[in-house]
Amino acid sequence: MSPPHRFGFLLIDDFALMSFASAVEPLRAANILAGRTLYEWSHISTGAEVIVASNGLSVTADHTIADNIKFNTVLVCAGGNPAAFDDKKAIGWLRRLARSGCEIGGVSGGPFILAKAGILDGFRCTIHWEHLAALNESFPNIVSSPTLFEIDRGRLTCGGGVAALDMMHAIIRRDHGQSLAARVSDWYLQTAVRLGDSTQRISLSERVGTNNRSLVSAIGIMERQLASRVPRQALAKAANVSVRQLERLFAKHLGVTINQHYASLRLAKARALLRQTSLPVVQIGAECGFLNASHFAKIYRAAFAVPPSKDRMPGHRGRKARI
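I will try to describe carefully the structure that is included in this document. (Residues numbered from 1 in each chain as written. Predicted model: local features only at pLDDT ≥ 70, side-chain atom pairs only at ≥ 80, totals over all residues. Heavy atoms only, no water.)

A few words on the overall build of the chain. Tallying secondary structure elements over the chain gives 13 helices and eleven strands in all. For the chain, the C-alpha radius of gyration of 22 Å lies close to 20 Å, the compact-globule estimate for 323 residues. Residues classed as buried in the chain amount to 49% of the 323 residues present. Taking contacts inside the chain between residues at least 6 apart in sequence as the whole, the part at least 24 apart equals 65%. Working note: accessible area of the chain is about 15500 Å², and carbon and sulfur atoms make up 52% of it. (Helix = DSSP H or I, 4+ residues; strand = E, 2+ residues; numbered from the N terminus. Rg over C-alpha atoms; globule rule 2.2 N^0.38 Å. Buried < 20%, exposed > 50% of the residue type's maximum accessible area, 1.4 Å probe, protein only. Contact = heavy atoms within 4.5 Å. Areas by Shrake-Rupley, 256 points an atom, 1.4 Å probe, with all protein chains shown as cover.)

Below, the structure is given as structure tokens:
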């Protein structure tokens, strides 16, 4: 009988509790349903005795990264703004684990920290959609996608939330077969197990609250083309309606004009990049479709009452993206 598979969960302050629970609970269920200890797990901190989740719940660390403990798999659980994480000792620890052949993964914002450590280079990966644009801008050589999870040659990455249940189903199936994995899913009332390449987000129709094909088509084009703004006439033509009709659809279903919605999309991406990357303000403005730096600053200040240069997270002023 093989020894238990040892998981280490590196919990970063402000981690998402749901993502962590969705990753660790299936291991407990697998042990109970198998009638023996298939998995063991420990909570790891970067140094503190207690790690605090985003909802304020505290988890006591079993180990710190300074302890000489061996794991088969280590998963980094992070939320909030993982791009601001700059603990060089933790980054070094993850790199040493990777060199030793340990299976390493990240949940929710965790993959961003793995990317900073340089251990996702050459591997397929994913991350929570909120951090995807920042990940792609900061690490252009990484092959990322907006999927639920990716398992690629010793790298496990997951968008977080309840998607971790789907990833752990795949891991338990890999380790102990479909029958046990199905019983674990049944235990948690998971009536439909999603594949890793499933999309993270609900459909655009559900997000905007309408099935109007013309409106959904236009918004889809806008979301895909933020850097090079598509004129209203081109949007209307692609949506197979007149500009006037398209404006009426935006007013009826969203309560805004075409230009106002386009601006809100560009501003949302700009704010995320400002807060999650160290890219220059000028570059972020260009990536989000603003004409020039002064235009970007004017629109941004009008929307958020602060210029873009003042809306960056601590530690993201004039620093290189990779540690």
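Turning to the side chain of Gln200, a few remarks are in order. Relative to the helices and strands, Gln200 resides in the loop between helix H6 (178-187) and helix H7 (204-208). Here the side chain of Gln200 touches Thr126 through a polar contact of 3.1 Å, side chain to side chain. A distance of 2.8 Å separates a polar atom in the side chain of Gln200 from the backbone nitrogen of Trp129. Apart from the residues lying within four places of it in its own chain, the contact partners of Gln200 are Thr126, Ile127, His128, Trp129, Pro146, Thr147, Leu148 and Gly159. (Polar contact = N/O pair within 3.5 Å; in protein donor to acceptor, adjacent residues only side chain to side chain.)

Looking now at helix H8 (residues 213-224). When the terminal C-alpha atoms of H8 are compared, their 16 Å separation across twelve residues agrees well with the 16 Å that a helix rising 1.5 Å per residue should span. Within H8 the residues assigned to the buried category are Ser214, Leu215, Val216, Ala218, Ile219, Gly220, Ile221 and Met222. Contacts made by the buried residues of H8 are with H7, helix H9 (232-238), helix H10 (243-253) and helix H11 (258-276). Regarding H8, its N-cap is Asn212, as a side-chain oxygen of that residue lies 3.1 Å from the backbone nitrogen of Ser214 further along. (Expected span 1.5 Å × (residues − 1).)

Our next topic: the packing of aromatic side chains. Scanning the model with the defined rule gives eight aromatic pairs in all. Ring geometry for Phe7 and Phe9: centres 6.0 Å apart, planes at 20°, overall stacked. The pair Phe7 / Phe9 is uniform in exposure class, with both members buried. Note on Phe9 and Phe20: the rings are 5.4 Å apart at their centroids and 80° apart in plane angle, and the pair reads as edge-to-face. With Phe9 in strand E1 (residues 5-11) and Phe20 in helix H1 (residues 17-34), this residue pair connects regions lying eleven residues apart in the sequence. Judged by relative accessible area, which is 0%, Phe9 ranks as buried. (Phe/Tyr/Trp six-rings, centres within 6.5 Å; stacked < 30°, edge-to-face > 60°.)

For the structure shown, the criterion picks out twelve salt bridges. One salt bridge connects Arg124 with Glu150, and the closest N-O pair in it is separated by 3.0 Å. Of this pair, Arg124 sits in strand E8 (residues 124-125) while Glu150 sits in strand E10 (residues 149-152), and the two are 26 residues apart along the sequence. Looking at Arg124, the relative accessible area reads 39%, which means it is partly exposed. Overall, Glu150 belongs to the buried group, its relative accessible area being 11%. Of the charged contacts, one joins Arg153 and Asp152 as a salt bridge, the two residues approaching to 2.8 Å between their closest N and O atoms. Linked by salt bridges that have partners in common, Arg124, Glu150, Asp152 and Arg153 make up one network. (Salt bridge = Lys/Arg side-chain N within 4 Å of Asp/Glu carboxyl O.)

Ranked by internal contacts, the top residues of the largest apolar core, which has 43 residues, are Leu10, Trp93, Leu94, Ile113 and Ile284. Counting residues per element, this core draws most heavily on helix H2 (residues 88-100), which supplies six residues. Ala23, Val24, Leu148 and Ala181 belong to the second largest nonpolar core, which has 34 residues in total. (Core = buried A, V, L, I, M, F, W, Y, C linked by side-chain atoms within 4.5 Å.)

It is worth spelling out the environment of Val256 at this point. Within the fold, Val256 resides in the loop between H10 and H11. Look past the residues within four positions of Val256 in its chain and what remains in contact with it is Phe250, Ala251 and His261.

Our focus in this paragraph is the pairing of E10. Sheet topology note: the E10/strand E11 (residues 155-158) ladder contains four bridges and is antiparallel. Residue Glu150 lies in a different strand from E11, and its bridge partner there is Thr157. Where E10 folds back on E11, the antiparallel hairpin that results is connected by two residues, among which Arg153 adopts a positive phi of roughly 45°. (Pairing = 2+ DSSP bridges.)

Without other data, these values stay purely geometric and don't point to any function.
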